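One letter stands for each residue in the lines below.
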Amino acid sequence: MENWQDAIVTKLNDYCGFALDVGDAYISVVCDNSESFEVSMFRSGSQYQVGFDGWHEHFDAEEDAVQCFAFGLSDECRLKVVKRGAMDCRWTLEYLEKGSWRTDTVTGLILIPFWRTAEIEYRYNAIKKRCRS
């Protein structure tokens, strides 16, 4: 494992309620709640990509990417997902500010089944501090 992966795994040891997958240059977390979204981080050379389901952002700095990864697992982050039929088409990253949800950035597909009715789902992660006995 690379240092950034070690740091994330060490921090996650204090939490429960998720599945963790670690590979050579990636890490992903999927929470156990039904409204959750996958949080992933990939490294390619000196570049990092953090993804929340279909939403993604690129980073040059490891620290910024790790902070974004952690944000995706917090209760101050959610995804507004537009579905058309069974297909997820657009992901809007939202953050909680003073009790209200604010839009950050949007990632969307170009080719979508536009003839299907748009439906909106809100997805969030809920990892919990590990209960120690």
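Residues numbered from 1 in each chain as written. Predicted model: local features only at pLDDT ≥ 70, side-chain atom pairs only at ≥ 80, totals over all residues. Heavy atoms only, no water.

Asks: Would you mind going over the packing of aromatic side chains in detail, with residue names and values included?
Replies: In total, this model carries five aromatic pairs according to the counting rule given. Plain terms: the ring middles of F114 and W115 are 5.3 Å apart, the flat faces sit at 80° to each other, and that makes the pair edge-to-face. For the pair formed by F114 and W115, the shared burial category is exposed. Following the ring pairs from residue to residue traces out a cluster consisting of F37, F52 and W55. (Phe/Tyr/Trp six-rings, centres within 6.5 Å; stacked < 30°, edge-to-face > 60°. Buried < 20%, exposed > 50% of the residue type's maximum accessible area, 1.4 Å probe, protein only.)

Asks: Any chance you could break down the nonpolar core for me, citing the residues and the numbers?
Replies: Counting residues in hydrophobic clusters, the biggest one holds 27 residues, and the most contacted among them are M41, F52, F69, L73 and L79. Elements with a contribution of two residues or more to this core: α1 (3-12), β3 (26-31), β4 (39-44), β5 (47-52), β6 (55-59), α2 (62-72), β7 (77-84) and β8 (87-97). Counting residues per element, this core draws most heavily on α1, at four residues. Setting aside residues no more than four positions away along its own chain, L79 makes contact with F37, F52, D53, W55, W91, T92, L93, E121, Y122 and R123. (Core = buried A, V, L, I, M, F, W, Y, C linked by side-chain atoms within 4.5 Å. Helix = DSSP H or I, 4+ residues; strand = E, 2+ residues; numbered from the N terminus. Contact = heavy atoms within 4.5 Å.)

Asks: Mind laying out a negative patch on the surface, listing which residues take part and the relevant values?
Replies: A surface patch of negative charge is lined by D60, E62, E63 and D64. As for its placement among the helices and strands, D64 is situated in helix α2. (Patch = residues over 30% accessible without salt bridge, like charges linked within 9 Å, V, L, I, M, F, W, Y side chains within 5 Å. Areas by Shrake-Rupley, 256 points an atom, 1.4 Å probe, with all protein chains shown as cover. Salt bridge = Lys/Arg side-chain N within 4 Å of Asp/Glu carboxyl O. Lys, Arg positive; Asp, Glu negative; His and termini not counted. Charge placed at Lys NZ, Arg CZ, Asp CG, Glu CD.)

Asks: Describe in detail the confidence of the model for the chain, supporting the description with residues and values.
Replies: Across the chain, the average pLDDT comes to 93, with 97% of residues at 70 or higher. Averaged pLDDT values for the elements of the chain fall to 76 in strand β11 (residues 128-129) and rise to 98 in β5. (pLDDT = per-residue confidence, 0-100.)

Asks: Account for the sheet that holds β5, with residues named and values stated.
Replies: Sheet strands associate in pairs through backbone hydrogen bonding, adopting either a parallel or an antiparallel arrangement. As summarised here, the arrangement of the five strands in space is β2-β3-β4-β5-β6, forming an open sheet in which the pairing is antiparallel. Lying at the two open borders of the sheet, with one neighbouring strand each, are β2 (18-22) and β6. Across the sheet, the mean angle separating the axes of adjacent strands is 15° when strand polarity is ignored. Set on the sheet, α1 makes contact with β2, β3, β4 and β5; between it and β3 the angle comes to about 25°. (Pairing = 2+ DSSP bridges. Axes fitted to C-alpha atoms, helices over the stretch in contact; angles between N-to-C directions.)

Asks: Lay out α1 in plain terms, naming residues and giving numbers.
Replies: W4, Q5, I8, V9 and L12 are the residues of α1 that are buried. For α1, the angular spread of buried residues about the axis comes to 130°, placing them on one side. Exposed residues lying more than 90 degrees from the buried face of α1 are N3 and T10. In the core, the buried residues of α1 are packed alongside β1 (15-16), β2, β3, β4, β5 and α2. (Arc of directions from axis to C-beta.)

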